[in-house]
Every structure is written in C-alpha cells, then in structure tokens.
Amino acid sequence: MASWVLSASGLKPLPSAFPRPGVGAVYRDSLSKPRFLRPAATGSDLNIRFSSTRSSSRKRASVPFQVASVEEEEEPNFNDAIGEAEPPAGFDPGAPPPFNLADIRAAIPKHCWVKDPWKSMSYVARDVAVVFGLAAAAAYLNNWIVWPLYWAAQGTMFWALFVLGHDCGHGSFSSNHKLNSVAGHILHSSILVPYHGWRISHRTHHQNHGHVENDESWHPLSEKIFRQLDSATRTLRFTLPFPMLAYPFYLWSRSPGKSGSHFDPNSDLFVASERKDVITSTVCWTAMAALLVGLTFVMGPMQMLKLYGIPYWGFVMWLDFVTYLHHHGHDDKLPWYRGKEWSYLRGGLTTLDRDYGWINNIHHDIGTHVIHHLFPQIPHYHLIEATEAAKPVLGKYYREPEKSWPLPFHLIGNLIKSMKKDHYVSDTGDVVYYQTDPNLQ
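- Under an unreviewed UniProt entry, the name given to the chain is Omega-3 fatty acid desaturase, and the organism recorded is Linum tenue.
- UniProt's Pathway (unreviewed entry) comment on the chain is quoted here verbatim: "Lipid metabolism."
- The record in UniProt for the chain states the following under Subcellular location (unreviewed entry): "Membrane".

**As for unusual backbone geometry**
- A cis geometry characterises the amide bond from Leu240 onward to Pro241, with omega recorded as 10°.
- Relative to the helices and strands, Pro241 is located in the loop between α9 (231-237) and α10 (247-253).
- Not every positive phi belongs to a glycine, and Leu192 is a case in point at roughly 60°.
- Tracing the chain through its elements places Leu192 in the loop between α6 (177-189) and α7 (195-207).
- Even without a glycine there, the phi angle at Trp218 is positive, about 55°.
- With respect to the secondary-structure elements, Trp218 resides in the loop between α7 and α8 (223-228).

**Considering the packing of aromatic side chains**
- Scanning all chains against the criterion turns up 26 aromatic pairs.
- Centroid distance Tyr308 to Tyr312: 6.4 Å. Interplanar angle 10°. Geometry classified as stacked. Of this pair, Tyr308 and Tyr312 both sit in helix α12 (residues 301-325), four residues apart, which is roughly one turn of that helix. Both residues of the pair, Tyr308 and Tyr312, count as buried.
- Geometry around Phe226 places Arg234 over its ring, the cationic atom sitting 5.5 Å from the centre.

**Some details on empty space enclosed by the protein**
- Going through the model one piece at a time under the given rule, you end up with eight cavities of 30 Å³ or more.
- Considering the residues around the largest cavity, the lining is formed by 20 residues, among which Trp198, His202, His205, Ser217 and Thr323 are closest to the centre.
- Contributing elements (two or more residues each) for the lining of the largest cavity: α5 (146-170), α7, α10 and α12.
- Broken down by class, the residue content of the lining of the largest cavity amounts to nine nonpolar, ten polar and one charged.

**Thoughts on the UniProt feature "transmembrane region" (unreviewed entry) in the chain**
- Under the UniProt annotation, "transmembrane region" (unreviewed entry) lies at residues 123-141, 278-299 and 305-325.
- For residues 123-141, the helix share is 100%, the strand share is 0%, and the end-to-end C-alpha distance is 27 Å.
- Span residues 305-325 is 100% helix and 0% strand, its end C-alpha atoms 29 Å apart.

Basis of the calculations
Residues numbered from 1 in each chain as written. Predicted model: local features only at pLDDT ≥ 70, side-chain atom pairs only at ≥ 80, totals over all residues. Heavy atoms only, no water. UniProt positions renumbered as here; feature names shortened; annotations may be inferred. Helix = DSSP H or I, 4+ residues; strand = E, 2+ residues; numbered from the N terminus. Phe/Tyr/Trp six-rings, centres within 6.5 Å; stacked < 30°, edge-to-face > 60°. Buried < 20%, exposed > 50% of the residue type's maximum accessible area, 1.4 Å probe, protein only. Lys NZ or Arg CZ within 6 Å of the ring centre and 35° of its normal. 1 Å grid on protein atoms, 1.4 Å probe; cavity = no way out; pocket = protein on both sides within 12 Å on 5 of 7 lines; lining within 4 Å. Points joined across faces, edges and corners; volume = space filled by probe spheres on them. Nonpolar A, V, L, I, M, F, W, Y, C, P; charged D, E, K, R; others polar.

Written out as structure tokens, the structure reads:
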C-alpha cells in the first residue's frame, strides 16, 4: 500500500515478480454458503466451484516495481536476518483447523444475518449530522484551541463514513443493491474514495486474505523483492508515519509489486463487465473534487485546509492504521500462505480483532474483524454477537484483543513493533512467517 514511497526518489522499475493473481472466493449477499471461484483454493471446509471464464477474461499484466538496480547499490546483508520461518513451539496457528466454515456459520444466530436498511440509514444520518455539526461549530468558534480538537474529531468521523460505505460495498448495508450503490457513492465520494473501484479491489482482498501474492491489502513483500529495494525506499516503507499516509497513493497505483489504478476502467483490477461501474465512481469522485475546488475559491484555501484538508489526512491515517493492524502486530507469529496450503478459511483465521475503546461505536465496530472477514455479509451491528457465538468453535484460532482504555493508544505500540520486525517473507514455502531485517530495527 505504500507504493507511493517507492516513486518518491524516481527509482527504476523492476520487472514483474509474480503474475497477476487469479480470482478467489466470491461471497454472496445471502444466508447460503459462500461460492468459491478460485481454482487454486483447496480444503474440505469450502464449497468449491471452478470457473475458467472469469479468470481467463481478466487481463494479465506485468507488475512494475520501482527499485534501484542491483549494480547501483551494495546488496544488503541478510545473513543475520531475525525471525525463524517456523512458529513458536506449542499451538501452531498455521495448522489446518479442526472445524470448517459451516461449523462457524452454524454457531452464529440466524438473526445476525438480517440486514435492516432503516437501521443502516440511521447510522448514516447520525454520522452526517455529526460531520456537519463539527464543521459548523469549528467555523463559528474559529480559534486555535478548537481547531486541533476539530481535526481529530472530524478525521475520525470521515473514517466512520468510510466504514458505512465499506458496508455498502459488501452488501451488508442492505439487501437492496441500488440503495447500497447510491449510499456507497455518496459516502465514499464525499471523502474522495472511488466507490466501485475500491469495492472491487477490496472484494479481491477478502477473496484472497492471507495469501502472500494474491492478497490485495497490506500483503507481505517477498524476500526477493525486499532485497532489491533501494535503501531509502526500504527505510520509508517501514518508517512511521509514512506508511500511514499511503492510502490515496494506493488508489492511484496500488501496492508494491502490483500495478493498476482504481480510477481506470481498463486497469487489470477489473474485468470488462465492471468498467461501467468504475467509470461511474470515477465521475462521482471527479465531481466531489471539483466541488472542493469551487469551495476553495469561495471560502479561501486556508479555511478549506482547516475544514476539510487536515481532517481528510486524519481519515487516511485512521484507515491505514486500522487496516494494517487487522493483519499485523500480534505478539505471536501468524502465518501467510501460498499454493495448496491456502484456503479461504485458513486465510481468514489469520485476521485480528482489535479493541478501540470509545472509538468502537464511532467507527461501527470495524475492529471486530475476524467474523467480518469470514462472513462479510453480516451487518456491523451484529458482529459482536456473532463473534461471541463463534468463539467456542474457533478456540485458539481466535485471538482475544487486548482491552483498550477510552482511547486506543496501546495499539500505537503494536504498530511500531510490527513495523520494526515484519519486513518480508521467504520466496519459497506454502506456509511462511514474517522475518526481520536487523538494519531496520
């Protein structure tokens, strides 16, 4: 996700390290079991359906990756890399679980799957009212004691709007596709996110969660790619706060080792049938950008920076912070998979729940993430109950989140620790764990 860092120094491109990933699991917006279209996926825990039509229709492209050439820089020493390729002794989180997806589904109460569009819209009304109320109050008071408080609060509310749009993208907002699309476009365009472009790539993330190459969000770098990174690029990639500012750049150019734009209907992110949707979202994004430019002329650039610009970057930091910690930063080593060892269930079990204290309710319990990854059609207001019901089935594969104080400052430590040790995974092996470059500690 931090590919913008790689272009900062005008570095040279590296030819593709991996082919374009295939299509993984596709979940349905219903109470039936998920359908799976990924030919490589295996496991008796899933109902698997093969489809060559979609995978063959998706355009394959080489993946540019910006690095310094090997002869331009002395190769770093990896002989002292820290971190074994195996998990600690005892419980092995990479072992196939003794339960399947149907077992987890059966444990979740039936009403947790019910989507209430009125309830979902009430959250939208609440959040939109708070956003406009905060902006009006800050503009009226207009003093430098209030502005920092406003930026923190409004950035958090922008993030809350994103989570509701995220629910629209999953179909957990309502069972009405048109309502999901309209609400999703309004919510996401207002914070400069292309709704359909993001929705499709995020679906790919869920379809391939926990897969080294095929995952779409915060997937690990292979050792081969990591070794070829320019030293400055490598430092910026793992030095805070830079990775927490990556999301807008990811929308334009994706993650390291991948290519394509969320705004381009011809990107290899999308198939032909999705191009009209992508165009619609790009037009909506452009309209919002034009509105912001117009308001800048009316209100002045400084006022727009204070009212919208700084809260926008606060939202970006929330997004990168939360999404990174959903898949990184646990005290125990967690596996990443390739090939026959990957399955939808095993990949989903590597995700993490997080407690955000007072923020839990504000950002719609998005920290309750394990069940969301396995069953993204469950509305956010049922995730806590569904998780409690599923815990006896999940057993040790569920990692209880550390309880937060009113504000989740403890998670900053998890983020810093992970950035210092989770650097790359082996180029070989179907079950791999993060290893550490001592030069980045």
